[in-house]
Amino acid sequence: GESVGLHLPTLSVQEGDNSIINCAYSNSASDYFIWYKQESGKGPQFIIDIRSNMDKRQGQRVTVLLNKTVKHLSLQIAATQPGDSAVYFCAENILFAGGTSYGKLTFGQGTILTVHP
Amino acid sequence: EPEVTQTPSHQVTQMGQEVILRCVPISNHLYFYWYRQILGQKVEFLVSFYNNEISEKSEIFDDQFSVERPDGSNFTLKIRSTKLEDSAMYFCASSRTARNQPQHFGDGTRLSIL
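Conventions used here
Residues numbered from 1 in each chain as written. Chains lettered and ligands numbered in written order. Predicted model: local features only at pLDDT ≥ 70, side-chain atom pairs only at ≥ 80, totals over all residues. Heavy atoms only, no water. pLDDT = per-residue confidence, 0-100. Contact = heavy atoms within 4.5 Å. Salt bridge = Lys/Arg side-chain N within 4 Å of Asp/Glu carboxyl O. Helix = DSSP H or I, 4+ residues; strand = E, 2+ residues; numbered from the N terminus. Buried < 20%, exposed > 50% of the residue type's maximum accessible area, 1.4 Å probe, protein only. Disulfide = S-S within 2.5 Å. Buried area = accessible area lost by both parts, 1.4 Å probe. Polar contact = N/O pair within 3.5 Å; in protein donor to acceptor, adjacent residues only side chain to side chain. Nonpolar A, V, L, I, M, F, W, Y, C, P; charged D, E, K, R; others polar.

For the rest of this paragraph, the subject is the confidence of the model for chain A. Averaged over every residue, the pLDDT of chain A is 89; the share at 70 or more is 91%. Scored below 50 in pLDDT, residues 1–5 of chain A shows 15 contacts in the model against residues more than four places distant or in partner chains.

With that settled, consider the pattern of salt bridges. In total, this model carries four salt bridges over all chains according to the counting rule given. Between D31 of chain A and R99 of chain B there is a salt bridge, with the nearest N and O atoms lying 2.6 Å from each other. Of the two residues, D31 of chain A is situated in strand β3 (residues 30–38) and R99 of chain B in the loop between β9 (88–95) and β10 (104–105); the pairing between them involves two chains. By relative accessible area, which is 7% here, D31 of chain A ends up buried. The partner of R61 of chain A in a salt bridge is D84 of chain A, and the shortest N-O contact between them spans 2.9 Å. With a gap of 23 residues between them, R61 of chain A in the loop between β5 (56–58) and β6 (62–67) and D84 of chain A in the loop between β7 (72–77) and β8 (86–94) connect regions that are remote in the sequence. For R61 of chain A, a relative accessible area of 30% corresponds to the partly exposed category. Relative accessible area serves as the criterion here: at 7%, D84 of chain A is assigned to the buried category.

Turning our eyes to something else, we now look at the state of the cysteines. Here the structure, examined in full by the defined rule, presents two disulfides over all chains. Across the disulfide from C23 of chain A sits C90 of chain A; the S-S distance is 1.7 Å. Between C23 of chain A and C90 of chain A, the disulfide has an S-S torsion of 40° and is therefore right-handed. With a gap of 67 residues between them, C23 of chain A in strand β2 (residues 19–24) and C90 of chain A in strand β8 connect regions that are remote in the sequence. Disulfide pairing is shown between C23 of chain B and C92 of chain B; the S-S distance is 2.0 Å. Taking the torsion about the S-S bond as the criterion, the C23 of chain B to C92 of chain B disulfide, at about -65°, is left-handed. Separated by 69 residues along the polypeptide, C23 of chain B in strand β3 (residues 19–24) and C92 of chain B in strand β9 bring together distant segments of the chain.

Facing 23 residues of chain B, the contacting portion of chain A comprises 27 residues. Buried area between chain B and chain A, both sides added, is near 2100 Å², and the carbon and sulfur share of it is 54%. In this structure, the connection of chain B to chain A is made through one salt bridge. Counting across the chain B and chain A interface gives six residue pairs in polar contact (both at pLDDT 80 or more). Elements with a minimum of two residues in the side of chain B that touches chain A: β4 (31–37), β5 (44–50), β6 (53–57) and β10 of chain B. The element best represented in the side of chain B that touches chain A is β4 of chain B, accounting for three residues. Classifying every residue of the side of chain B that touches chain A by side-chain character gives nine nonpolar, 10 polar and four charged.

Below, the structure is given as structure tokens:
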């Protein structure tokens, strides 16, 4: 899950294992969620997204699960590879009361994934 | 695949000086954003921009900050009088719509204030 401050949660796995990265979001008005991967010296790279009317979405080797009851999001990476090593952020887009949004994303603290060959 | 490009990759500036960070968003995107990331911390929203005006801004985006789309391709962030605490990575992002579309990020400008 996420933590406060400079100490990011870490996940260390062996190549070929499945990885699960968790995120707790704060706002029940959030209606769109994105997972980003950030490698050292680079910007956040889009991995997968999910709207609040869904509870699961699959991509290539990745699956995002959304549990609105407990405000929890997870990213599952199948057959994790060394190239998956990075910091992973969840981000949420909050709707205003009238159902509008100007696109502001609120990011979580991030999880460091390390994949050992 | 189209991407967001940012220049320069690294900017070193004396405190009190003005700095302009530049971005070229993805060409068919209509919504533009600036975020910043202080070393080791999470990405923070600064401002969103649509139809040549600011849509939303955070508390960080005070009177020292401004954004502009000077032509059909560039999107800039100006800091008028830089402070030490402005040192961070600044990311530009763009998206086709404000809702339900992923924002695509550039690789950032590292701003170092001396």
